[in-house]
Protein chains: 2
Amino acid sequence: MKLLEDRIRKDGTVKEGNVLKVDCFLNHQMDIALFDEMAKEWKRLFEGHRIDKILTIEASGIGIACSVAREFGVPLVFAKKAQSINLDGDMLKTEIQSFTHKRVYNVIVAKKFISEGEHVLVIDDFMANGCAAIGLIELVEGANAVVEGIGIAIEKGFQDGGKILRERGFKVESLAIVESMDAKTGEITFR
Amino acid sequence: MKLLEDRIRKDGTVKEGNVLKVDCFLNHQMDIALFDEMAKEWKRLFEGHRIDKILTIEASGIGIACSVAREFGVPLVFAKKAQSINLDGDMLKTEIQSFTHKRVYNVIVAKKFISEGEHVLVIDDFMANGCAAIGLIELVEGANAVVEGIGIAIEKGFQDGGKILRERGFKVESLAIVESMDAKTGEITFR
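Since this is a predicted model, take the numbers as computed values, not measurements.

Topic: the packing of helix H2 (residues 32-45) of chain B against helix H3 (residues 61-72) of chain B
Residues and elements named next belong to chain B.
Line of reasoning, step 1. Two numbers describe how H2 lies on H3: the axes approach to 8 Å, and their chain directions differ by 50°. Between H2 and H3, the crossing angle belongs to the class labelled oblique. For the element pair H2 and H3, the recorded crossing hand is right-handed. Touching Ile32, Phe35, Asp36, Met38, Ala39, Lys40, Trp42 and Lys43 of H2 are Gly63, Ile64, Ser67, Val68, Arg70, Glu71 and Phe72, all from H3.

Digging into the pattern of salt bridges
Residues and elements named next belong to chain B.
Line of reasoning, step 1. The tally for this structure, following the rule as stated, stands at 30 salt bridges over all chains.
Line of reasoning, step 2. With its nearest N and O atoms 2.7 Å apart, the salt bridge here joins Arg7 to Asp11. Of this pair, Arg7 and Asp11 both sit in helix H1 (residues 2-11), four residues apart, which is roughly one turn of the helix.
Line of reasoning, step 3. Note that Arg44 and Glu41 form a salt bridge whose closest N and O atoms lie 2.8 Å from each other.

Structural notes on the packing of aromatic side chains
Line of reasoning, step 1. This structure, assessed with the given rule, holds zero aromatic pairs over all chains.
Line of reasoning, step 2. Its end group placed over the ring of Phe72(B), Lys43(B) keeps NZ or CZ at 5.6 Å from the ring centre.

A short note on the environment of Gly169(A)
Line of reasoning, step 1. The residue Gly169(A) is located in the loop between helix H5 (161-167) and strand E10 (172-181) in this model.
Line of reasoning, step 2. Placed 20 residues apart in sequence, Gly169(A) and Gly149(A) show a C-alpha to C-alpha distance of 9.7 Å.

How each quantity is defined
- Residues numbered from 1 in each chain as written.
- Chains lettered and ligands numbered in written order.
- Predicted model: local features only at pLDDT ≥ 70, side-chain atom pairs only at ≥ 80, totals over all residues.
- Heavy atoms only, no water.
- Axes fitted to C-alpha atoms, helices over the stretch in contact; angles between N-to-C directions.
- Helix = DSSP H or I, 4+ residues; strand = E, 2+ residues; numbered from the N terminus.
- Parallel < 35°, antiparallel > 145°, perpendicular 65-115°, else oblique.
- Left-handed = near helix turned anticlockwise from the far one by under 90°.
- Contact = heavy atoms within 4.5 Å.
- Salt bridge = Lys/Arg side-chain N within 4 Å of Asp/Glu carboxyl O.
- Phe/Tyr/Trp six-rings, centres within 6.5 Å; stacked < 30°, edge-to-face > 60°.
- Lys NZ or Arg CZ within 6 Å of the ring centre and 35° of its normal.

Listed below in structure tokens is the structure:
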């Protein structure tokens, strides 16, 4: 998606350790008008697909997923990273390793929010090795629901997540796929 | 706001320990159409006020704040609960005690996202003792910016947060103020 690629080139910065900082419009400060355009693009890419629910994971996926839920006219559910005393009842659970935070999270969704047979669109801001998306897929499949597709804002194409998930047969729609990036020159090449 | 009060009565449940569960539309599954109506109400309540930015805290405030940012046509910034390797540079910092999770969080916002003199509307899903809102106010004031107001979806009127902040002179606009609630009968009374 050219709008997103242009924005990443303009406002993103490349840091050592394969870190792409897009905190001024995507995952700390948020540009909602951009999110709405991204949501329209996913609506186009999933035209004709049955989507009953949007699933994302806290925290930085939520803003993008809100625009997507509005565009599709369905509810949004976000998976939580820790047990809360407000979350009783039956839970779908999995573990997700975070590339960014270098730790493992217990991730939960209340069972009542993903029903058997529902078609779910998984949304997240980033995909690198695919751990978050794979965890969200496990939650959906644990509810005997259907992963209709995976929408990622920025995929790091030089890491394995996208390849693994496409080989498993999932429809993965990343709006920007970074082929390579260079912390020294700041150059970003898109697929 | 009658729409929100009706929804709390219909879909909220009262649990022991002054817990009001609204996870099926507000803070786990999210009803974006409701959020958009809430955003319109805050737009009305802050008519004539200068609002340059929306500030909330991860995770459950983000969805509501996205609708508010769209309605006001300004960027949204969400405060983060832990240091991330992606967050370098100068940070505004404070500590917030969580009523729900019974722990203290370090909360940070990158300095570059709240500028001196900016007028900020603080948005959150819940207010009980006001710790989260007070922490967000500290972040704004630490940037020499102005807290133009505080918009809360659900205020627990039987706890001190709202009283403390209104006495300090802040314009606090809570869309539903719970005066009392009873875990045995499930009854909820609004102010």
